[in-house]
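Here are the chains, one letter per residue:
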Amino acid sequence: MSIESADDNPTSSPGPNQAVGVDVGGSGIKGGIVDLDTGELVGERYKVLTPQPATPQAVAAGIRDVVEHFDWNGPVGVALPVVVTSGIARTAANIDKAWIGTDIYELLGAELGGRRLSVLNDADAAGMAEDRYGAGKDYKGVVMLLTFGTGIGSAIMFNGVLIPNTELGHMHVGKKEAEHQASSKVKEDNDLSYSEWAVEVSKVLAAYEALFWPEVFIAGGGISRKAHKWIPHLTNRTPVVPATLQNTAGIVGAAMAVVAGLRP
Ligand code: BGC
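Residues numbered from 1 in each chain as written. Predicted model: local features only at pLDDT ≥ 70, side-chain atom pairs only at ≥ 80, totals over all residues. Heavy atoms only, no water.

## Things to note about the overall build of the chain
In step 1: Across its full length, the chain carries eight helices and 15 strands.
In step 2: When the backbone C-alpha atoms are referred to their principal axes, the chain occupies close to 50 × 35 × 35 Å.
In step 3: Contacts spanning at least 24 positions in sequence make up 64% of the contacts within the chain whose residues lie at least 6 apart.
In step 4: Surface summary for the chain: the accessible area is close to 11300 Å², and the carbon and sulfur share equals 50%.
In step 5: Measuring between centres, the 21 positive side-chain charges of the chain sit 5 Å from its 30 negative side-chain charges. (Helix = DSSP H or I, 4+ residues; strand = E, 2+ residues; numbered from the N terminus. Contact = heavy atoms within 4.5 Å. Areas by Shrake-Rupley, 256 points an atom, 1.4 Å probe, with all protein chains shown as cover. Lys, Arg positive; Asp, Glu negative; His and termini not counted. Charge placed at Lys NZ, Arg CZ, Asp CG, Glu CD.)

As structure tokens, then:
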């Protein structure tokens, strides 16, 4: 099942400021041991394929496989594409709808034994990581991360503190939800050029900045690797910078959440 593995076997004894972060996506469940002093992974990432259908039980077993790969008994943070309140998944994006209503701590507690655990939304995790260690680290005040992918994920931080579950991809901008107007899937599905797509992204960012007045937008998701092709075409007021942690942001943010004792 493993499609990416560590060169050397990482240590099982947790360092004082280390945790395992696991990021559950539509195609892969990725994890790593994170050093919270630096925001960097200790050793390699490890990834298993997301089971299909991605039911709670099947995904929980995948998360356990990732954690056990690291032979890890310390704290574990998990980022999921769901809204989490009181430990319950309230929505499910790109994973099985059976997640809705699931008590995530009960589910993962059974798979992960007595390990300390935090679960949070995937964009929230990425936002926390970019805010502290990545593209947001030199900004004070309100920092807003947006992940452009199949949908649009959002995270809002104020001086490093997350407001969880903002779900701004579902805000109506004009006639449509933002993510039906400006996700990277919309670009692909409609064969838009970067400059055409930037017109739609600008409308969405203008709507967000009118309400939240962030100091900066951080653009995440795979398409942020091509930031030079579309960020220059944006016409909204607030600066937009590409995410810098790329495919480790969710892992790092999940580890931050458990070390901080965050339980949205
Ligand atoms: C979901 C969010 C999620 C984002 C990225 C959106 O469609 O509503 O909860 O963070 O996709 O996965």
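On we go.
## Considerations on the site of the ligand
In step 1: As a structural note, the neighbourhood of the ligand is formed by Pro81, Ala93, Asn121, Asp122, Ala123, Ile152, Gly153, Glu167, His170 and Glu179.
In step 2: One nitrogen or oxygen atom from the side chain of aspartate 122 is found 2.5 Å from an oxygen atom belonging to the ligand.
In step 3: Within the side chain of glutamate 167, one N or O atom sits 2.5 Å away from an oxygen atom of the ligand.
In step 4: Burial of the ligand by the protein amounts to 88% of the accessible area it has alone, namely 310 Å².
In step 5: Here the ligand occupies the largest pocket.
In step 6: Put simply, the parts of the chain that give the shell around the ligand at least two residues each are α3 (122-133) and β10 (152-158).
In step 7: For the shell around the ligand, a count of residues per class yields four nonpolar, three polar and three charged. (Near = heavy atom within 4 Å. Polar contact = N/O pair within 3.5 Å; in protein donor to acceptor, adjacent residues only side chain to side chain. 1 Å grid on protein atoms, 1.4 Å probe; cavity = no way out; pocket = protein on both sides within 12 Å on 5 of 7 lines; lining within 4 Å. Sits in = over half its atoms within 2 Å of the grid points. Nonpolar A, V, L, I, M, F, W, Y, C, P; charged D, E, K, R; others polar.)

## Structural notes on the pairing of strand β4 (residues 40-49)
In step 1: Relative to β4, strand β3 (residues 28-35) runs antiparallel, the two being bridged by seven bridges. Counted as the bridge partner of isoleucine 29 is valine 48 from β4.
In step 2: Between β3 and the antiparallel strand that follows it, β4, lie four residues; glycine 39 among them carries a positive phi value of about 75°. (Pairing = 2+ DSSP bridges.)

## Side note on the packing of aromatic side chains
In step 1: Applying the stated criterion across every chain yields a total of four aromatic pairs.
In step 2: Arranged with centres 5.7 Å apart and planes meeting at 80°, the rings of phenylalanine 148 and tryptophan 197 form a pair that is edge-to-face. Taken together, the positions of phenylalanine 148 in strand β9 (residues 142-148) and tryptophan 197 in helix α6 (residues 194-212) put the pair 49 residues apart, joining distant regions of the chain.
In step 3: Residue classification places tryptophan 197 among the buried residues on the basis of a relative accessible area of 0%.
In step 4: With a centroid separation of 5.7 Å and an interplanar angle of 75°, the aromatic rings of phenylalanine 148 and tryptophan 230 are classed as edge-to-face. (Phe/Tyr/Trp six-rings, centres within 6.5 Å; stacked < 30°, edge-to-face > 60°. Buried < 20%, exposed > 50% of the residue type's maximum accessible area, 1.4 Å probe, protein only.)

## Details of the layout of surface pockets
In step 1: Computed from the structure, the largest pocket encloses a volume of approximately 1300 Å³.
In step 2: Lining the largest pocket are 50 residues, with Asn94, Asp122, Thr147, Gly149 and Thr150 sitting closest to its centre.
In step 3: Of the residues assigned to the lining of the largest pocket, the class counts are 14 nonpolar, 25 polar and 11 charged.
In step 4: Taken domain by domain, the lining of the largest pocket gets at least three of its residues from each of domain 1 (2-122) and domain 2 (135-244).
In step 5: Here the second largest pocket is characterised by a volume of approximately 190 Å³.
In step 6: Every residue lining the second largest pocket is listed: Met128, Asp131, Arg132, Met157, Gly160, Val161, Leu162, Met256, Ala260 and Leu262.
In step 7: If you tally residues by element for the lining of the second largest pocket, the top one is α3, at three residues. (Points joined across faces, edges and corners; volume = space filled by probe spheres on them. Domains from an automatic or database assignment.)

## Digging into the domain arrangement of the chain
In step 1: What the domain assignment reports for the chain is domain 1 (2-122) and domain 2 (135-244).
In step 2: A C-alpha centroid distance of 26 Å is found between domain 1 and domain 2.
In step 3: Taken together, the seven residues of domain 1 in the interface contact five residues of domain 2.
In step 4: Both faces combined, the contact of domain 1 with domain 2 buries some 390 Å², and carbon together with sulfur accounts for 43% of it.
In step 5: When the buried surface of domain 1 facing domain 2 is broken down by residue, Val83, Asn94 and Asn121 rank first, second and third, together holding 70% of it.
In step 6: The interface formed by domain 1 and domain 2 holds zero salt bridges in total. (Buried area = accessible area lost by both parts, 1.4 Å probe. Salt bridge = Lys/Arg side-chain N within 4 Å of Asp/Glu carboxyl O.)

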